[in-house]
Amino acid sequence: MRLPDGGLIDRDTSLRFTFDGTYYRGHAGDTLASALLANGVRLMGRSFKYHRPRGVLTADSAEPNALMKIGTGDHAVPNVRATVQELYEGLTAESQNRWPSLAWDAMEVNDLASPFLSAGFYYKTFMWPKSFWEKVYEPIIRRAAGLGAIPGTPDPDRYEKGFLHCDVLVIGGGPAGLMAALVAAKGGADVILADEDTRFGGRLLSEAGTVGGDAGHLWADGVVAELSSMPNVRLMPRTTVTGAYDGGTYGALERVGHHVADRSGDLPLEAFWRISTKRAILSAGALERPIAFPGNDRPGVMLAGAVRSFVHRWGVSPGKTVAVFGTGDEVAQTAAALVARGVTVSAAIDARDVVPTPGDFRSISGAKVVDVKGRRGLRAVTVQTARGPATIEAECLAVAGGWNPAVHLTCHLGARPVWDETIHSFVPKAGAVPGLEAVGAASGRFTTAAALSSGRDAAARALEDLGRKAPGLPLPESDETALAHTPIWAVAGKGRAWLDFQNDVTVKDVRQAAAENMTSVEHMKRYTTQGMATDQGKNSNVAALAILADVTGRGIPETGTTTFRPPYVPVSLAALGAGAQGKGFQPERLTTSHDATVAKGAPMIEAGLWYRPSYFPQAGETTWREACDREVRMVRQSVGVCDVSTLGKIDVQGPDAAAFLDFVYCNTFSTLKVGRTRYGLMLREDGHVMDDGTTARLGETHFMMTTTTAAAGQVMAHLEFVQQCLRPDMKVRFVSVTDHWAQFAVAGPKARVLLNSLLDTPIEDAGWPFMACGPVSVLGTQGRLYRISFSGEHAYEIAVPARYGAALFRDLLARAEGLGGGAYGMEALNVLRIEKGFITHAEIHGRVTADDIGMGRMVSQKKDCIGRAATTREYLNGPHREQLVGLQPVDPSVVLAAGGHLFEKDAAPVRVNDQGYVTSTCWSPTMERGLSQGFLKNGRARHGEVVSFVDHLRGQRADVTVADPVAFDPEGGRARG
């Protein structure tokens, strides 16, 4: 079906490719769709629900039918539109959503059951009987659902993300976009021109018209060459702008490697760009719309503009004989264009009662296509004329149903488009996206001359807004003829007329939805699934809502449109999350002590993004419990060393630093003296606890904040939000220094002895009381020392620049072992803190208030802070709240399971009787019993009460005594002494 000459392909370069295992040949410049059509392949896919045979409908990214799996093995990419996929040597394509083959699909039996699968089928059927959902309905649906399947192995391809900035972003490289980019660039603006096609030109590549006396594509090539030579212009072909966001930000997907046979090396498959621009010009063109008539989904039924594209751009005739059907001047235009390229036109069928346009083809006026023949490929169409039905042979039917401006990006911030009766379609609402102006066909101006002038004028306005002068560029001569069009949305006839080709939605489905009171366009969309496919209803939305308007007796503007949301075209998650594969998805952050820790045989566990030691086994120990118990006793009796570098460390400085901390913490820090440290509690705006930690005052305007390991990033983002949005008046700056400082806890009765053995100036209790902080010299290296304790023991945390961390840890460990101590890991750390009643994010998990954890008095009533107002809400206070308690099993040998629930002693362990839950648990070698923490309704008033613990998952039950969370050294003498 390749025409003997013409087209914009390279006929000297032959490319071999396969489709469903059969070898074919195409040319450089072909898409997969054009190459398949050139080889006579019309059946390219199966529909989603009924598995009906489908062929290519469009020639662009709005294609709903020809979705392919490209590539093999790990590199396979599903749901690629054949109309977008460029041909390359060795390309392997496979059809989807069929079994065992595309020609003979067993699931086509669904089409026979179509009377039972109409609109609302899922809603009506799967409600009864209830037990059938999980056992019958859901398994069947999951096996049948989906189009293409992703490989079950990790994606080996590379993806990138990047950020771009410009003065003017031009979206679309047709005549309007090219003219806008040229004017803006000559005006001195930094310009980005992005187009989803492989080359710029838009419809100029698909039509036979001229611009400036040359063929349209030659004029486009000349403008592109001029733009390419300008240093202030960035040309981005194969790049689809997918979404408009606040502040002049746009998302764009660039297909970098989809057209390259060899994906090895550093070439990414795709790149996702965040583009920030001062002004944007939308020249995305228009989307062609079908006409719904019986059998309009057969392979060979195509859109008229797409047919002209295949003929003019790729030199392919979609059939040996082509018929044209529509309701406007485009019918005769298409027929004449095909005849001029040597394509046989069997009939030009115009539904209007107009005088037939003369040409070397048969013209039929006042007629409509009411049926088709051929299942896996069109053979003929039935036309209803004034004289009765007539059969016309045709392997392709070009349908000219009109055009809809591509308004999608103008709706991404919530605006709705406006109905324009003159073109029978929606156009963008002015000012819908600040700084964005639609031009050309995207604004409803369909002639080439109007596109060029609107692009030039919009660029001039953008330059004026930027304080620049627009150059006086003359417009090239071009076609100014507007084609008349009378819309026809559906043709009555026997059989189903299709609206949404991918989701198998018919005219009958929309009418049925309205009959069942789904009269809102959004309700109709969900009830019928119309417009919910990967093409987002680009072909079907306007026709579907026009039919809905007709059946409900409303006008189209009153009926409205569904909401358009990003992305404009499907975007792979790998591109959105570029860099987040493998360790990029789950980074491994290692402390400076990591090598020494691993050398001691410590198993590593994840804590936030960090790897920390679980415990340090010694010879003779066979279980983790033996090592953990030994480490706990070691800290209580001698001295232990633990790497706490993973705690978030945020350096806060500025004249208003103290006031800023007062605002973000619920307790007061402005009264903290220099050289002292204070425990702080941070609330969210809803009054719930966000994080806790200590903050040291190193100078009058200098503080060092610590956060929990898991919440370091969250707290940093929170501080940024507060400073920028809530208190921009405060003169304060902060920076994360978590990685700058290596920090080690030294805890136990011999902690000071160990420290004094390596500090250049020994310390005494009088000079370093509990919660003191300050600079120290560690073997000639400047560091910082904090006397704080997370173990309840006499303890310190010593910090040095990270480059000294590994050496200091080894030194500390050697000195500790000489004193009968050593290193302790996360298991012992948790036991020590549970014995002392300290909390972690196991307790402050996002659903507790300061009062719930027994720290309600920390919320200062003398100042304002984030979350303070919310803490006064009635529901966040009172005995109905679950409060932090200690839990001691009546049988001291029992260790409760975290996650189990608490009930009154004799109550049935069911949901309605739930009284609380366990958050942390351990065996305490110090107390020689099981200890736990948890939350219990009105728990602080129930100390001494025995309640029931039940863990249905693990089958554990026990009686437990409610107690104070602090089980060891409640007076705190060991830490303060």
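Note: the structure precedes this text.
In this report, we go over the structure that sits alongside the text.

The rules behind each value
Per chain, residue numbering runs from 1 following the sequence as it is written. Where totals are concerned, whole chains, interfaces and linings use all residues; where local detail is concerned, this predicted model gives features only for residues with pLDDT of at least 70, and gives and counts side-chain atom pairs only at 80 or more. No hydrogens and no water enter the side-chain calculation; it runs on all heavy atoms of the structure. Helix numbers and strand numbers start at the N terminus; a helix is a DSSP run of H or I with at least 4 residues, a strand a run of E with at least 2. Burial classes follow relative accessibility: with a 1.4 Å probe on protein chains only, a residue under 20% of its type's maximum area counts as buried, one over 50% as exposed, and anything between as partly exposed. A contact between two residues is defined here by any heavy atoms of the two lying within 4.5 Å. A 1.4 Å probe and the Shrake-Rupley method give the accessible areas. Residues count as covered only by the protein chains that appear here. Counted as positive: Lys and Arg. Counted as negative: Asp and Glu. His and the chain ends are not counted at all. Where a charge lies is defined by one atom per residue type, namely NZ (Lys), CZ (Arg), CG (Asp) and CD (Glu). Helix span, as expected, comes to 1.5 Å for every residue beyond the first. We call two strands paired when DSSP finds no fewer than two bridges between them. Only the stretch in contact is used when a helix axis is fitted, and all axes are lines through C-alpha atoms; the angle between N-to-C directions ranges over 0 to 180 degrees. In what follows, salt bridge is the name for a side-chain nitrogen of Lys or Arg lying within 4 Å of a carboxyl oxygen of Asp or Glu. With respect to orientation, any angle under 35 degrees is reported as roughly parallel, any angle over 145 as roughly antiparallel, any angle of 65 to 115 as roughly perpendicular, and every other angle as oblique. The handedness criterion is simple: a crossing whose near helix is rotated anticlockwise from the far helix by less than a right angle is left-handed, and one whose near helix is rotated clockwise is right-handed. Ten residue types, Ala, Val, Leu, Ile, Met, Phe, Trp, Tyr, Cys and Pro, are classed as nonpolar, four, Asp, Glu, Lys and Arg, as charged, and the remainder, Gly among them, as polar. Working definition of a nonpolar core: buried Ala, Val, Leu, Ile, Met, Phe, Trp, Tyr and Cys residues. They are joined through side-chain atoms within 4.5 Å. Identification of polar contacts relies on pairs of N or O atoms within 3.5 Å, with a donor-acceptor requirement for protein atoms, meaning one able to donate a hydrogen and the other able to accept it, and with residues adjacent in sequence counted only if both atoms are side-chain atoms. For this analysis, a ring pair means two rings from Phe, Tyr or Trp (six-membered ring only for Trp) whose centres lie within 6.5 Å, classed as stacked if their planes differ by under 30 degrees, edge-to-face if by over 60, and tilted for the remaining angles. Consider the ring centre and the ring normal. A charge sits over the ring if Lys NZ or Arg CZ is within 6 Å of that centre and within 35 degrees of that normal.

This next bit is on the overall build of the protein chain. On a plain count of helices and strands, the protein chain comes out with 23 helices and 50 strands. Across its three principal axes, the protein chain shows a C-alpha extent of roughly 105 × 70 × 55 Å. Residue burial in the protein chain is summarised as follows: out of 977 residues, 56% are buried. In the protein chain, the share of contacts with a sequence separation of at least 24, taken over all contacts with a separation of at least 6, comes to 66%. For the protein chain, the accessible area works out to roughly 40,300 Å², and carbon and sulfur atoms hold 54% of it. Treating the 102 positive side-chain charges of the protein chain as one cloud and the 105 negative ones as another, the clouds have centres 2 Å apart.

We now examine helix α5 (residues 175–186). Compared with an ideal rise of 1.5 Å per residue, which puts 12 residues at 16 Å, α5 spans 17 Å between its outermost C-alpha atoms and is within 8% of the ideal. Within α5, 11 of the 12 residues are buried, leaving the element largely enclosed by the surrounding structure. Its buried side turned inward, α5 meets β8 (159–171), β9 (191–194), α6 (216–228), β12 (233–236), β15 (270–282) and α9 (448–465). Once α5 finishes, G188 follows within two positions and takes phi at roughly 95 degrees, a positive value.

Moving on to unusual backbone geometry. That bond from W99 to P100 is cis: its omega, 5 degrees, falls within 30 degrees of zero. One can find P100 in the loop between β7 (91–95) and α2 (109–112). For the peptide bond that leads from P566 to P567, omega is 0 degrees, which places it in the cis range. Residue placement: P567 occurs in the loop between α13 (556–559) and α14 (573–576). With a phi angle near 60 degrees, N79 is a residue other than glycine that sits in the positive phi range. Turning to its location among the elements, N79 is positioned in strand β6 (residues 77–81).

Across the sheet, which stays open at both edges, the six strands sit in the order β41-β42-β43-β40-β34-β44 with mixed pairing between neighbours. Looking at the sheet topology across the chains shown, the edges are occupied by β41 (773–778) and β44 (822–823). For strand β42 (residues 781–786) and strand β43 (residues 795–801), the ladder comprises three bridges, and the chain directions are antiparallel. Following the sheet pairing, L785 is matched in β43 by I798. Helix α20 (residues 805–818) rests against β34 (640–643), β40 (741–747), β41, β43 and β44 of the sheet, and its axis sits at about 10 degrees to β40.

What follows is about the pattern of salt bridges. Here the idea is simple: oppositely charged side chains can pair when their charged atoms come close. Inspection of the entire model under this criterion finds 48 salt bridges. For D111, the salt bridge identified is with R496, shortest N-O distance 2.9 Å. Remark: R496 occurs in the loop between α9 and β29 (498–500) and D111 occurs in helix α2; sequence separation between them is 385 residues. On the basis of relative accessible area, D111 is assigned to the buried category, the value being 10%. Between K905 and D959 there is a salt bridge, with its nearest N and O atoms 3.4 Å apart. Residue K905 is found in the loop between β46 (901–903) and β47 (916–924), and its partner D959 is found in strand β50 (residues 956–963); the two are separated by 54 residues along the sequence.

A pair of packed helices is characterised by two quantities: the angle between their axes and the separation of those axes. Between α5 and α9, the least distance of the axes is 7 Å, while the angle of their chain directions is 30 degrees. Regarding the angle of α5 to α9, the classification is roughly parallel. Considering the relative orientation of α5 and α9, their crossing is right-handed. Facing P175, A176, M179, A180, V183 and A184 of α5, the residues of α9 in contact are T448, A451, L452, G455, R456, A459, A460 and L463. Each residue belonging to the contact of α5 with α9 can be placed in one class, and the counts come to 11 nonpolar, two polar and one charged.

A word on the sheet that holds strand β21 (residues 368–373). The strand order β21-β22-β23 describes an open sheet built from three strands, whose pairing is antiparallel. Each of the sheet's edge strands pairs with one partner strand only, and the pair in question is β21 and β23 (388–393). For this sheet, the mean inter-axis angle between neighbouring strands, taken without regard to orientation, is 30 degrees. Judged from the five bridges that link them, β21 and strand β22 (residues 380–385) form a sheet pairing that is antiparallel. Across the sheet, K373 pairs through a bridge with A380, a residue of β22.

Within the largest apolar cluster, 62 residues are counted, with the highest numbers of intra-cluster contacts made by L32, L36, M68 and F310. In terms of residues, this core owes the most to one element, helix α1 (residues 32–38), which gives six residues. Ignoring any residue separated from it by four or fewer positions in sequence, one finds M68 in contact with F19, L32, L36, M44, V77, P78, N79, V80, A82, E94, S95 and Q96. Of all hydrophobic cores here, the second largest spans 33 residues; its members include V183, V211, M230 and A458.

With respect to the helices and strands, L36 occurs in helix α1. Counting along the chain gives 20 residues from L36 to V56, while the straight-line C-alpha distance between them is 9.7 Å. Residues contacting L36, with those up to four places away along its chain left out, are F17, F19, Y24, V41, M44 and M68.

As for its placement among the helices and strands, Q933 is situated in strand β48 (residues 929–937). Judged by relative accessible area, which is 0%, Q933 ranks as buried. Here the side chain of Q933 touches R833 through a polar contact of 3.2 Å, side chain to side chain. When sequence neighbours within four positions are dropped, the list of residues in contact with Q933 reads R833, I834, G837, F838, E843, L884, V885, L887, V918, T919, S920 and P965.

This part covers the packing of aromatic side chains. When we look at a pair of aromatic rings, we describe it by the centre distance and by the angle of the planes. Here the structure, examined in full by the defined rule, presents 10 aromatic pairs. Measuring from ring centre to ring centre gives 5.4 Å for F310 and W314, while their planes differ by 40 degrees; the resulting arrangement is tilted. As far as burial versus exposure is concerned, F310 and W314 are alike and both buried. A cation over an aromatic ring shows up here: R16 above the ring of Y23, its NZ or CZ 3.7 Å from the ring centre.

So, on to the side chain of T871. Here T871 shows up in helix α22 (residues 868–871). In this structure T871 comes out as buried when scored by relative accessible area, which is 16%. Ignoring anything within four residues of it in the chain, the contact list for T871 reads L683, G687, V859, L876 and N877.

Let's shift gears to the pairing of strand β49 (residues 946–951). Burial runs high along β49: five of the six residues are buried. The pairing of β46 with β49 spans three bridges and is classified as antiparallel. Within β49, the residue paired with F903 across the bridge is S948. Alignment of β49 against β50, held across six bridges, turns out to be antiparallel. Each residue of the ladder has a partner; that of V947, found in β50, is V960. Between β49 and β50, which pair antiparallel one after the other, the connecting turn spans four residues, and G955 there sits at a positive phi close to 70 degrees.

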